[in-house]
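Analysis of the macromolecular model
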Amino acid sequence: MTTLEAEGATEVGEAATPTPPSGRLRQRVGLRARPPGHGGRRRWTALLRSPGLLAAYLWIAVILLAAIHPGLFASGDPLRQDGSQILLAPGADHFFGTDDFGRDQFTRAVWGTRLSLQAAVVAVAIGLVSGSLIGLVAGALRGRADSILMRIIDIMLAVPSLIVSLAIISALGRGTLNIAVAIGINSTAGFARLMRSEVLKVSNAKYVEASVFAGHGYVRRLFKHVVPNASRSVLAAATMDIGTAILTVAALSFLGLGAPPPTPEWGLLVAEGRTFIGVQWWLSLLPGLVIVLTVLAVYRVGRSFNRGRTRVVA
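Overview of the structure. (Residues numbered from 1 in each chain as written. Predicted model: local features only at pLDDT ≥ 70, side-chain atom pairs only at ≥ 80, totals over all residues. Heavy atoms only, no water.)

**Things to note about the overall build of the chain**
- Scanning the chain from N- to C-terminus turns up 13 helices and 0 strands.
- In sequence order, the secondary structure elements of the chain are arranged as α-α-α-α-α-α-α-α-α-α-α-α-α.
- Across the 314 residues of the chain, 44% fall into the buried class.
- Restricting to contacts in the chain with at least 6 residues of sequence separation, those with at least 24 account for 73%.
- Surface accessibility of the chain: about 16100 Å² in total, with carbon and sulfur atoms responsible for 66%. (Helix = DSSP H or I, 4+ residues; strand = E, 2+ residues; numbered from the N terminus. Buried < 20%, exposed > 50% of the residue type's maximum accessible area, 1.4 Å probe, protein only. Contact = heavy atoms within 4.5 Å. Areas by Shrake-Rupley, 256 points an atom, 1.4 Å probe, with all protein chains shown as cover.)

As structure tokens, then:
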């Protein structure tokens, strides 16, 4: 899982240094509490000052709206064929042109948004939940349990992710859901290592040590202080990993392992247009551009979450 490996080693590790506690714990140690709404105003100001981030949010909003209600953008049938409209160039009637069956490519791209996003979200959810549980258990128990779990994770990371994905898909069969399961299993190891490192780091923070003198038991410290603060880094990484999952789902669908034709799906649209790439280049380029813009937008928003995740829950 490329995003987690890169971010976990650098930005996640550096930016996750705990800041002074807030709320009631700030009052106990004599620090002035932040005024209500202070964080919200700062986020809105930062958003308005960053055109790139604002554009990323707007693009993601459009993509989510297309996934929830595709009829708002394309009211036609994505499977309807028209022999008189074969391989038309992009224009006012067909924004992305038409394919070799006369189907409107823009309509198919819009209706394919739901399937592509569903697969990416399911994949990240599988990796996030399973990996976080493994990392939490390893970081909380330590000792022999930590050693055994981390050796298993090391073995998972040693095997190339593409080989693991192909093996899982071969066992489960082709289909977008099976692709999501394969990607989710692959991402488990990265989430587990990240969660474990955050649990160990937060457990040694001064405000956690101070809670011992406040009479808090181990379980209460774990779920009140450690888990909420450790999960911030993991959730920020998961946001960025959605972009990686979208790209991986499209890549595996391009190889013919995803939804069967004529199901509208982003990777399949790119694959179907490669036959005519020398003449009708738009058949592959425009759906591919949608994929690229979506991945970049998700990654940009994830980076903003990554930088703003340092508030401590106390």
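**Some points on the pattern of salt bridges**
- With the rule as written, the count across this model stands at 6 salt bridges.
- Between Asp-99 and Arg-103 there is a salt bridge, with its nearest N and O atoms 2.8 Å apart.
- Among the ionic contacts, a cluster of salt bridges with common partners joins Arg-151, Asp-154 and Arg-193. (Salt bridge = Lys/Arg side-chain N within 4 Å of Asp/Glu carboxyl O.)

**Re the packing of helix α7 (residues 143-158) against helix α9 (residues 176-203)**
- Between α7 and α9, the shortest axis-to-axis distance is 9 Å and the interhelical angle comes to 140 degrees. Between α7 and α9, the interaxial angle falls into the category oblique. For α7 against α9, the interelement crossing comes out left-handed. Residues Asp-146, Met-150, Ile-153, Asp-154, Met-156 and Leu-157 of α7 form the contact with α9, whose participating residues are Ile-185, Thr-188, Ala-189, Gly-190, Ala-192, Arg-193 and Arg-196.
- Tallied by class, residues from the contact of α7 with α9 come to 7 nonpolar, 2 polar and 4 charged. (Axes fitted to C-alpha atoms, helices over the stretch in contact; angles between N-to-C directions. Parallel < 35°, antiparallel > 145°, perpendicular 65-115°, else oblique. Left-handed = near helix turned anticlockwise from the far one by under 90°. Nonpolar A, V, L, I, M, F, W, Y, C, P; charged D, E, K, R; others polar.)

**With respect to the side chain of Thr-294**
- Structurally, Thr-294 can be placed in helix α13 (residues 282-307).
- Among the residues examined, Thr-294 registers a relative accessible area of 3% and is labelled buried.
- Separated by 3.1 Å, the side chains of Thr-294 and Trp-59 make a polar contact.
- At 2.7 Å, the side chain of Thr-294 forms a polar contact with the backbone oxygen of Val-290.
- Non-local contacts of Thr-294, meaning those with residues more than four positions away in its chain, are made with Trp-59, Ile-63, Ile-246 and Trp-266. (Polar contact = N/O pair within 3.5 Å; in protein donor to acceptor, adjacent residues only side chain to side chain.)

**Focus on helix α8 (residues 161-172)**
- Look at α8: 16 Å from first C-alpha to last across 12 residues, which is about the 16 Å you get at 1.5 Å a residue.
- All of the buried residues in α8 are Ser-165, Ile-168 and Ile-169. Down the axis of α8, the sector holding all buried residues measures 100 degrees, keeping them to one side. Opposite the buried face of α8, by more than 90 degrees, sit the exposed residues Ile-163, Ser-170 and Ala-171.
- Looking at the buried side of α8, the elements it contacts are α9 and α11 (218-254). (Expected span 1.5 Å × (residues − 1). Arc of directions from axis to C-beta.)

**Some details on a nonpolar patch on the surface**
- Together, Val-62, Leu-65, Leu-72 and Phe-73 give the surface a local cluster of nonpolar side chains, amounting to about 330 Å² of exposed area.
- By the secondary structure assignment, Leu-72 is in the loop between α5 (51-68) and α6 (105-141). (Patch = residues over 30% accessible without salt bridge, like charges linked within 9 Å, V, L, I, M, F, W, Y side chains within 5 Å.)

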